[in-house]
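# Fold and geometry: a report
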Amino acid sequence: MLKIKEFNLSWWSLLRYNLYFLPVMLLAFFVFNPITQSVRYLLVEFPRYDLRTFWENFIVGTYTWKFYFKSLVVVLLLGYFALNSSLLRDFVKACRNPVLAQ
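My aim in this report is to walk through the structure given alongside it, one point at a time. Every value quoted in this text rests on a predicted model; they were computed, and no experiment measured them.

## Here we look at the overall build of the chain
Of regular secondary structure, the chain possesses five helices and zero strands. Element order for the chain, N to C, with α for helix and β for strand: α-α-α-α-α. Evaluated residue by residue, the chain yields a buried proportion of 21% over its 102 residues. In the chain, of all internal contacts separated by at least 6 residues, the share reaching a separation of at least 24 is 57%.

Below, the structure written as structure tokens:
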């Protein structure tokens, strides 16, 4: 989708590669928050489930700037760790197989 065909091994290329994925990291909260909060609700409120409590405290209550920025730190750490470890794994694989490196 980003049409990245090759990656030059330099600090500038690494920075640019990571910046390509910044919008994904910034929007990940809005995709995963309802899922993680639903699981959290099921675990915390067991066995007394109430739709009003779920909606007000676990869904609407978590869409605040404070909660977003607290979650963003975790999303950025985990996301960029996964992204760069995948890049490192591909680099090591390419170094072991010279045909892939060309």
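## As for unusual backbone geometry
A cis amide bond links Phe46 with the next residue in sequence, Pro47, at an omega value of 0°. Looking at the element boundaries, Pro47 is found in the loop between α2 (22-44) and α3 (51-59).

## Overview of the packing of aromatic side chains
Geometrically, a pair of aromatic rings is defined through the distance of the ring centres and the angle of the planes. For the coordinates displayed, the defined rule picks out 14 aromatic pairs. Look at Tyr41 and Tyr49: their rings are 5.5 Å apart centre to centre, the planes differ by 45°, and that puts the pair in the tilted class. With relative accessibility at 5%, the residue Tyr41 sits in the buried group. With relative accessibility at 42%, the residue Tyr49 sits in the partly exposed group. A ring pair is formed by Trp65 and Phe69, whose centres lie 5.8 Å apart and whose planes are at 25°; its orientation type is stacked. Taken together, the residues Trp65 and Phe69, both in helix α4 (residues 65-96) and four residues apart, mark about one turn of the helix. Its relative accessible area of 65% is what places Trp65 among the exposed residues. The class of Phe69 is partly exposed, set by a relative accessible area of 47%. Each residue in the set Phe29, Phe30, Tyr63, Trp65, Phe67, Tyr68 and Phe69 is aromatic and connected to the rest through ring pairs, giving one cluster.

## Structural notes on a nonpolar patch on the surface
Residues Val31, Phe32, Ile35, Val39, Leu43 and Val44 make up a contiguous nonpolar surface patch of about 610 Å² in total accessible area. Within the secondary structure layout, Leu43 lies in helix α2.

## Observations concerning α2
Its 23 residues give α2 an end-to-end C-alpha distance of 32 Å, which sits within 8% of 33 Å, the value for a rise of 1.5 Å per residue. Met25, Ala28, Phe29, Asn33, Gln37 and Tyr41 are the residues of α2 that are buried. Here the buried face of α2 lies against α3 and α4.

## Focus: the pattern of salt bridges
One pass over the full model with this rule turns up one salt bridge. The partner of Arg52 in a salt bridge is Glu56, with the nearest N and O atoms 3.1 Å apart. On the criterion of helical spacing, the pair formed by Arg52 and Glu56 is a turn pair, its members being four residues apart in helix α3.

Criteria and cut-off values
- Residues numbered from 1 in each chain as written.
- Predicted model: local features only at pLDDT ≥ 70, side-chain atom pairs only at ≥ 80, totals over all residues.
- Heavy atoms only, no water.
- Helix = DSSP H or I, 4+ residues; strand = E, 2+ residues; numbered from the N terminus.
- Buried < 20%, exposed > 50% of the residue type's maximum accessible area, 1.4 Å probe, protein only.
- Contact = heavy atoms within 4.5 Å.
- Phe/Tyr/Trp six-rings, centres within 6.5 Å; stacked < 30°, edge-to-face > 60°.
- Patch = residues over 30% accessible without salt bridge, like charges linked within 9 Å, V, L, I, M, F, W, Y side chains within 5 Å.
- Areas by Shrake-Rupley, 256 points an atom, 1.4 Å probe, with all protein chains shown as cover.
- Salt bridge = Lys/Arg side-chain N within 4 Å of Asp/Glu carboxyl O.
- Expected span 1.5 Å × (residues − 1).

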